[in-house]
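Summary of structural features
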Amino acid sequence: MLAAMLVVIAHPASAGALTIRSATLTTPGWSTPIEVSAASDSPITKITARLRLSNSGEPFATVEDFALVSGTVTDGVWRTTQPVTLKMGLTDIGVEVTDASGATVTRQSAGRFDLRGTTRFSEVSISPSTLDADHDTVTYAGQLLVYDGLVSREVGVPGATICLNLNGACVGYGTTDSEGRFSSRAHLYIRGSDTNMIEGDAYASYSGGPQYFRADSTRSHLKVRTQQTRLSVGFSSLPKVIGTTVLVKGRLERKKADGQWTGAAGQDVTIYAYDPDPDNGKWIDFGKAHTRSDGSYSKSVVVPQAGQWFVDFSAPPILNRDGVYVLGPYASSSGGFKDVVYSSYRTSFSRFTMSPNPAGKGAQITANAVLTRRTATGAAVPVKTGYVDLQFSKDKKHWSPAGQSTPGANGQLKIRATAVSSGYWRLLFRSLGDDRNLESVSAIAHATVKYRTAISSLNAKPEPVHKGKTITVSGVLKRYTSAWHPLKAKVNIYFRAHGSKTWSYVGAAAPDIHGKWHKGFKARKDGTWMAKYPGTSVYLPATSAQDYVDVR
């Protein structure tokens, strides 16, 4: 069938009073006279019409044999004396009119006629009818025909671009040969969650053009065989310590049509951990890992407080063109690590000291420290539960308990013990088991233990004393082993004048076998007297009380 449609132009071409109104086809078919409507103040003397396809710059026909068929030579309708043979396609009629005054007007498109051919597909086949991840190529074949009125039969449309359509989208393209035939393959893709391998209608489509109307073939239903999948998960090392980095790894596999399992490449696997804490259980999402060509995946993660590890491959149903949810090439699957692995916090001691150091034999010595644990973010937070043992060793090999305590609110520790001998000290943290804290040992601190000493009975007399007279400073030096005993060792004597802040060494005294000593000095100023024993590698130093003497 030949279709013809006039497109009306809103503003006719004119030059003064010379106007071209329209150009029309007078009869249906491929051979028809052309009529032109025009008007002018002067008689119209010549009309030329040029017919061209809209996609071509050159006219395929030029006619000038117009004769007046109605109206007057200044306002009428002219028709060609011979019919014009048309061509298939969108046709524009350009008109040029000249009147007796010599004026000429040209209108590039005085009329447009849609003479495109009606196309249809024939002998279309789409195979195979069922696809899967291992069979992802579809072959579209057929012929695109158009009815040619000039020869009164259908002919093939050559050089046409054919869309290989699936679910309303082109998944590939083909081009017709000289007879309008095509046979083209479309390779469907699976890119993670993005895929065009979706069950639905498949058909060939031609979008039309300047010569031909568009056409779709009949539709074939294309099925997708969804493959079962399975997931495994493991670790480079067990995720036991919170805050450390481990590699989560595994493999995503798919089951082929022959029943064999193989890797599923290019897919996203989501990694999760679950903390089964009875008071604060929660899921932790570590994001996605992309599978390699063999289906393997891996991702480095920082270990949180958790106990169970899972992986998930999500292949949700896809909404097709018909508004129906269908499965894609893969089915969803999930997996979990076979064992529950409770992660725990790494603990550590800081600011560990033993004081006093040196310490007196038999006296108290105190361990001070702060106990913290390291979170997954790297922050150090106080440990408030558990027990801490203070241990002593002479050789750093054999350790014995010396004291025990629990951490304070800020993780602070203060443990007292009896200083028995010089040696090494350390702290040992023992968890309660349900607080997720790992045991830890502090650094080793050395402490020296010496015999205690004391200066007692310090006395400076007489009080008061006359200037220039003698002041006698006396006292007793003693040491403690299992009890207090006299110590025969030099004692240094110091004086600080009234109003001064500085002590001055003024002399030394030697005790007798009873530890008693005395020393005389000439009284010159009011002031305070004091004695010191400097100590040795065996004995601790000692400082006496102070005695003030008024000199008059």
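Residues numbered from 1 in each chain as written. Predicted model: local features only at pLDDT ≥ 70, side-chain atom pairs only at ≥ 80, totals over all residues. Heavy atoms only, no water.

A few points about the overall build of the protein chain
Inclusion rule: Helix numbering and strand numbering both begin at the N terminus, where a helix is a DSSP run of H or I of at least 4 residues and a strand a DSSP run of E of at least 2. We take the radius of gyration over the C-alpha atoms and set the globule estimate at 2.2 Å times the residue count to the 0.38 power. To sort residues, take the accessible area from a 1.4 Å probe on protein chains only and compare it with the maximum for the residue type: under 20% means buried, over 50% means exposed, and anything in between is partly exposed. Any two residues whose heavy atoms approach within 4.5 Å are treated as being in contact. In this description, accessible areas are obtained by the Shrake-Rupley approach with a 1.4 Å probe, and a residue is regarded as covered only by the protein chains that are shown. The charge count treats Lys and Arg as positive and Asp and Glu as negative. His and the chain ends do not count. Just so you know, the charge point we use is NZ for Lys, CZ for Arg, CG for Asp and CD for Glu.
Along the backbone of the protein chain there are zero helices and 53 strands. Against the compact-globule benchmark of 24 Å for 552 residues, the protein chain has a radius of gyration of 54 Å, which places it well outside the compact range. With respect to the three principal axes, the spread of C-alpha positions in the protein chain is 160 × 70 × 35 Å. Sorting the 552 residues of the protein chain into buried and exposed places 44% on the buried side. Taking the contacts inside the protein chain whose residues are at least 6 apart along the sequence as the reference set, 61% of them involve residues at least 24 apart. Accessible area for the protein chain stands at about 27,900 Å²; split by element, carbon and sulfur atoms hold 49% of it. Averaging the locations of the 63 positively and 43 negatively charged side chains of the protein chain gives two centres separated by 28 Å.

A few points about the state of the cysteines
Defined as follows: Note on disulfides: each one is a pair of cysteine sulfur atoms within 2.5 Å.
Per the counting criterion, the structure on display carries one disulfide. Between C163 and C170 runs a disulfide, and the two sulfur atoms are separated by 1.9 Å. In this structure the cystine formed by C163 and C170 twists about its S-S bond by roughly -120°; its chirality is therefore left-handed.

Overview of the pairing of strand β30 (residues 308–313)
Note the threshold: Two strands form a pair only when DSSP identifies at least two bridges running between them.
Across the two faces of β30 the burial differs, with W309, V311 and F313 buried and Q308, F310 and D312 not buried at all. For β30 and strand β33 (residues 333–336), the ladder comprises four bridges, and the chain directions are antiparallel. Each bridged residue has a counterpart across the sheet, and for D312 the counterpart in β33 is S334.

Re the nonpolar core
What counts is decided by this rule: Nonpolar cores were defined as sets of buried Ala, Val, Leu, Ile, Met, Phe, Trp, Tyr and Cys residues, with membership established by side-chain atoms within 4.5 Å.
Ranked by size, the top nonpolar core spans 50 residues in total, and within it I93, V95, Y140 and I162 carry the most contacts. Discounting residues that sit within four places of it in the chain, I162 has contacts with F121, L144, G172, Y173, G174, T176, F182, A204, S205 and Y206. Core analysis: the next-biggest nonpolar cluster, separate from the first, contains 25 residues, V233, V246, A273 and V341 among them.

Notes on the environment of T81
The line we're drawing: We call two N or O atoms a polar contact when they sit within 3.5 Å, provided that within protein one can donate a hydrogen and the other can accept it, with sequence-adjacent residues counted only if both atoms are side-chain atoms.
Inspection of the secondary structure assignment puts T81 in the loop between β8 (75–80) and β9 (84–85). The spatial distance from the C-alpha of T81 to the C-alpha of A67 is 6.7 Å, given a sequence separation of 14 residues. Setting aside anything within four residues of it in sequence, one finds T81 in contact with D65 and A67. A polar atom in the side chain of T81 sits 2.6 Å from the side chain of D65.

A word on the sheet that holds strand β10 (residues 89–99)
Which entries qualify depends on this criterion: Under this scheme, a helix contributes an axis fitted over its contacting stretch, all axes are lines through C-alpha atoms, and angles between N-to-C directions fall in the 0 to 180 degree range.
Strand order in the open sheet formed by four strands is β6-β5-β10-β11, with antiparallel pairing between adjacent strands. Of all strands in the sheet, those with a lone pairing partner are β6 (61–63) and β11 (104–115), marking the two edges. The mean angle between the axes of side-by-side strands here comes to 15°, regardless of whether they run parallel or antiparallel. Both β10 and β11 contribute to a ladder of nine bridges, which runs antiparallel. Looking across to β11, one finds that E96 is bridged to T106.

Quick word on the packing of aromatic side chains
Condition: Only Phe, Tyr and Trp rings take part, Trp by its six-membered ring, and two of them pair if their centres are within 6.5 Å. Stacked means planes under 30 degrees apart, edge-to-face means over 60, and tilted covers everything else.
Under the counting rule described, the total for this entry stands at 14 aromatic pairs. When the ring of F286 is compared with that of W309, the centres are 5.3 Å apart and the planes differ by 10°; the resulting orientation is stacked. Residue F286 is located in strand β28 (residues 282–290), and its partner W309 is located in strand β30; the two are separated by 23 residues in the primary sequence. A single burial state applies to F286 and to W309, both of which are buried. Grouped by ring-pair contacts, the aromatic residues F235, F286, W309 and F337 constitute a single cluster.

Some remarks on the pattern of salt bridges
Counted only if it meets this: By definition, a salt bridge exists where a carboxyl oxygen of Asp or Glu is found within 4 Å of a side-chain nitrogen of Lys or Arg.
One pass over the full model with this rule turns up 17 salt bridges. Residue R79 is joined to E35 by a salt bridge in which the shortest nitrogen-to-oxygen separation is 2.5 Å. Residue R79 is found in strand β8, and its partner E35 is found in strand β4 (residues 34–39); the two are separated by 44 residues along the sequence. Since its relative accessible area comes to 33%, R79 is described here as partly exposed.

Some details on the confidence of the model for the protein chain
Cut-off, in case you're wondering: pLDDT expresses how confident the predictor is about each individual residue, on a scale running from 0 to 100.
For the protein chain, mean pLDDT is 93; residues scoring 70 or higher make up 97% of the total. Of all secondary-structure elements in the protein chain, the lowest mean pLDDT belongs to strand β1 (residues 13–15), at 51, while strand β51 (residues 527–533) reaches the highest, 98.

Remarks on the sheet that holds β33
Reading across from one edge, β28-β27-β30-β33 is the order of the four strands in this open sheet, with antiparallel pairing throughout. On the outer flanks of this sheet lie β28 and β33, each paired with one strand and no other. Neighbour-to-neighbour, the strand axes of this sheet turn through a mean angle of 20°, independent of strand direction.

Considerations on the layout of surface pockets
Heads up, the condition is: Cavities and pockets are found on a 1 Å grid laid over the protein atoms alone: a cavity is a set of points where a 1.4 Å probe fits but cannot escape, a pocket is an open set with protein on both sides within 12 Å along at least five of seven lines, and a lining residue has an atom within 4 Å of such a point. Grid points are joined across faces, edges and corners, and a volume is the space filled by probe spheres set on the points. In this count, Pro and Cys sit with the nonpolar residues alongside Ala, Val, Leu, Ile, Met, Phe, Trp and Tyr, while Asp, Glu, Lys and Arg are called charged and the others, Gly among them, polar.
In this structure, the largest pocket spans a volume of roughly 290 Å³. D277, Q305, D434, D435 and R436 are the residues nearest the centre of the largest pocket, which is lined by 17 residues in total. Taken together, the residues of the lining of the largest pocket break down into six nonpolar, four polar and seven charged. Considered as a void within the structure, the second largest pocket measures approximately 150 Å³ in volume. Lining the second largest pocket are 13 residues, and of these G192, S193, T195, A315 and I318 sit closest to its centre. Partitioned by chemical class, the residues of the lining of the second largest pocket number seven nonpolar, six polar and no charged.

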